[in-house]
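# Structural overview
The chain contents come next:
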Amino acid sequence: MSATFGGRSGRQGRLSQWLRGRRPKETADDGGREALLLAAARAGLPLAPAAHPAPGYRCSCDRVGCPTPARHPVSFAWQTQSTTDRAQIERWVRHQPQANFITATGMTHDVLDVPLRAGREALERLLGSGVEVGPVAESDDGRMLFFTLTRGTPEDEDEWWPCELDCHPETMDEHPGLRWHCRGSYVLVPPARLPGDDQRVHWTRGPEHPLPDPLSLLETLTDACARYAGAEHQATVWPLRH
């Protein structure tokens, strides 16, 4: 990320430098991994074990042609298995030392998942405006995850309102811009490893930050995603015009 966005400097540039320097130090040792996962659980993020990378850009699940290598739960019962119980998470971490972990969304929290460039711009704008931003993670495959309070599930299930931005695991590719992970979805929780050379999911802002209302972030995120999509489109059609 450059020190400025769109030629901006001064305060915005200083915010960019602050963001680069504030990434929590995530150690590779088991103790550091366990501490980070327990911190996520203390923040109310329910966790469950997930697959991890295997040699040759493969997935530990050994499914031929796994569509989401190292990014999916190991159990089909991940929604009921997900927990914030410290003792259970400690057992998982110690007995499955290579496992990634997912956090099930729509229980206590949602995740607004955006392209990395758009997310960085939005985060800078939100912090510069004094908006309360909660935990934020970056994925080295080009996404940024904003953790928020869940919009909830009413007692009357018929009143639960769907949204075209809702992202379920099987519909990830349908929402290349903003994805709203809510009930029935999940994301990898840091620290997590992805296929490739030192590809990871890591915290930009740790889980010690309170979860905000998603609507307080949504306008800024959608605006940044729209500009990102416009820039991508312009870059695609530019060679055709010249």
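### Topic: the packing of aromatic side chains
- All told, the structure shown has 3 aromatic pairs when counted by the stated rule.
- On the basis of an interplanar angle of 80° and a centroid distance of 4.9 Å, the ring pair of W78 and Y186 is categorised as edge-to-face. One end of the pair, W78, is in helix 3 (residues 78-81); the other, Y186, is in strand 9 (residues 186-188), with 108 residues separating them in the sequence.
- Overall, the relative accessible area of 13% leaves Y186 in the buried class.
- With a centroid separation of 6.3 Å and 45° between ring planes, the pair formed by W92 and F101 is classed as tilted. Here W92 and F101 have matching classes, each one buried.

### Describing the sheet that holds strand 6 (residues 136-139)
- The strand order across the open sheet built from 6 strands is 8-5-7-6-11-10, with neighbouring strands paired in antiparallel fashion. Among the strands making up the open sheet, the edge pair consists of strand 8 (179-181) and strand 10 (192-194). In this sheet, adjacent strand axes meet at a mean angle of 25° when their direction is disregarded.
- As defined by bridge partners, strand 10 adjoins strand 11 (residues 199-205) across 3 bridges and the pair is classed as antiparallel. Paired with L194 across the two strands is Q199, which belongs to strand 11.
- Each of strand 5 (109-115), strand 6, strand 7 (143-149) and strand 11 is contacted by helix 5 (residues 116-128), which is oriented at about 45° to strand 7, the strand it contacts most.

### Examining the side chain of R33
- Mapped onto the elements, R33 comes out in helix 2 (residues 30-42).
- Relative accessible area serves as the criterion here: at 8%, R33 is assigned to the buried category.
- A distance of 3.2 Å separates a polar atom in the side chain of R33 from the backbone oxygen of Q96.

### Observations regarding the nonpolar core
- Ranked by internal contacts, the top residues of the largest apolar core, which has 30 residues, are L47, F101, F147 and V189.
- Of all the secondary structure elements, the ones that give two or more residues to this core are helix 2, strand 1 (47-50), helix 4 (86-95), strand 4 (100-104), strand 7, strand 9, strand 10 and strand 11.
- For this core, the element with the most residues is helix 2, which contributes 5 residues.
- Apart from residues lying up to four places away in sequence, F147 is in contact with L45, T103, H109, D110, V111, G134, P135, A137, V187, W203, L211 and P212.
- In this structure, L116, L123, V133 and L178 belong to the second largest nonpolar core, which totals 20 residues.

### A look at the environment of L37
- Tracing the chain through its elements places L37 in helix 2.
- Linking L37 and R86, residues 49 residues apart in sequence, is a C-alpha distance of 9.5 Å.
- Look past the residues within four positions of L37 in its chain and what remains in contact with it is L47, V93, F101, V189, P190 and P191.

### Focus: the sheet that holds strand 9
- Strand order in this open sheet of 3 strands is 1-4-9, and the pairing throughout is antiparallel. With one partner strand each, in any of the chains shown, strand 1 and strand 9 form the two edges of the open sheet. Sheet twist, expressed as the mean angle between neighbouring strand axes with direction ignored, is 35°.
- Relative to strand 9, strand 4 runs antiparallel, the two sharing 3 bridges. Looking across to strand 9, one finds that T103 is bridged to V187.

### So, the environment of S60
- Looking at where S60 falls in the secondary structure, it is placed in the loop between strand 3 (58-59) and helix 3.
- The class of S60 is partly exposed, set by a relative accessible area of 27%.
- In this structure the C-alpha to C-alpha distance between S60 and Q98, which are 38 residues apart in sequence, comes to 9.5 Å.
- Those residues in contact with S60 that sit more than four places away from it in its chain are A51, H52 and A54.

### A look at the confidence of the model for the chain
- For the chain, per-residue confidence averages 80 on the pLDDT scale, and residues scoring 70 or more make up 71% of the total.
- Confidence drops under pLDDT 50 across residues 1-29; counting only partners more than four residues distant or on other chains, this segment forms 48 contacts.
- Scored below 50 in pLDDT, residues 157-164 makes 13 contacts in the model with residues more than four places away or belonging to other chains.

Definitions and cut-offs
- In this numbering scheme, every chain counts its residues from 1 along its sequence in written order.
- Whole-chain, interface and lining totals are the exception, using all residues; otherwise, since this is a predicted model, local features are given only for residues with pLDDT of at least 70 and side-chain atom pairs are given and counted only at 80 or more.
- Side-chain measures were taken over the full set of non-hydrogen atoms in the model, leaving aside hydrogen atoms and water.
- The pairing test for Phe, Tyr and Trp rings, Trp by its six-membered ring, is centres within 6.5 Å, and the orientation test on the planes gives stacked under 30 degrees, edge-to-face over 60, and tilted for anything in between.
- Numbered from the N terminus, helices here are DSSP runs of H or I no shorter than four residues, and strands are runs of E no shorter than two.
- Exposure categories follow from relative accessible area, calculated using a 1.4 Å probe and restricted to protein chains: below 20% of the type maximum is buried, above 50% is exposed, and the middle band is partly exposed.
- A pair of strands is treated as paired once DSSP finds two or more bridges between them.
- Lines are fitted to the C-alpha atoms to define the axes, a helix being fitted only along its stretch in contact, and any angle between axes, read from their N-to-C directions, falls within 0 to 180 degrees.
- Residue contacts follow a heavy-atom distance rule, with two residues in contact if any of their heavy atoms lie within 4.5 Å.
- Under this definition, polar contacts are N or O atom pairs within 3.5 Å; protein pairs additionally need one hydrogen-donor-capable and one acceptor-capable atom, and for neighbouring residues in sequence, both atoms have to be side-chain atoms.
- Put simply, buried Ala, Val, Leu, Ile, Met, Phe, Trp, Tyr and Cys residues joined by side-chain atoms within 4.5 Å make one nonpolar core.
- pLDDT measures the predictor's confidence residue by residue and takes values from 0 up to 100.

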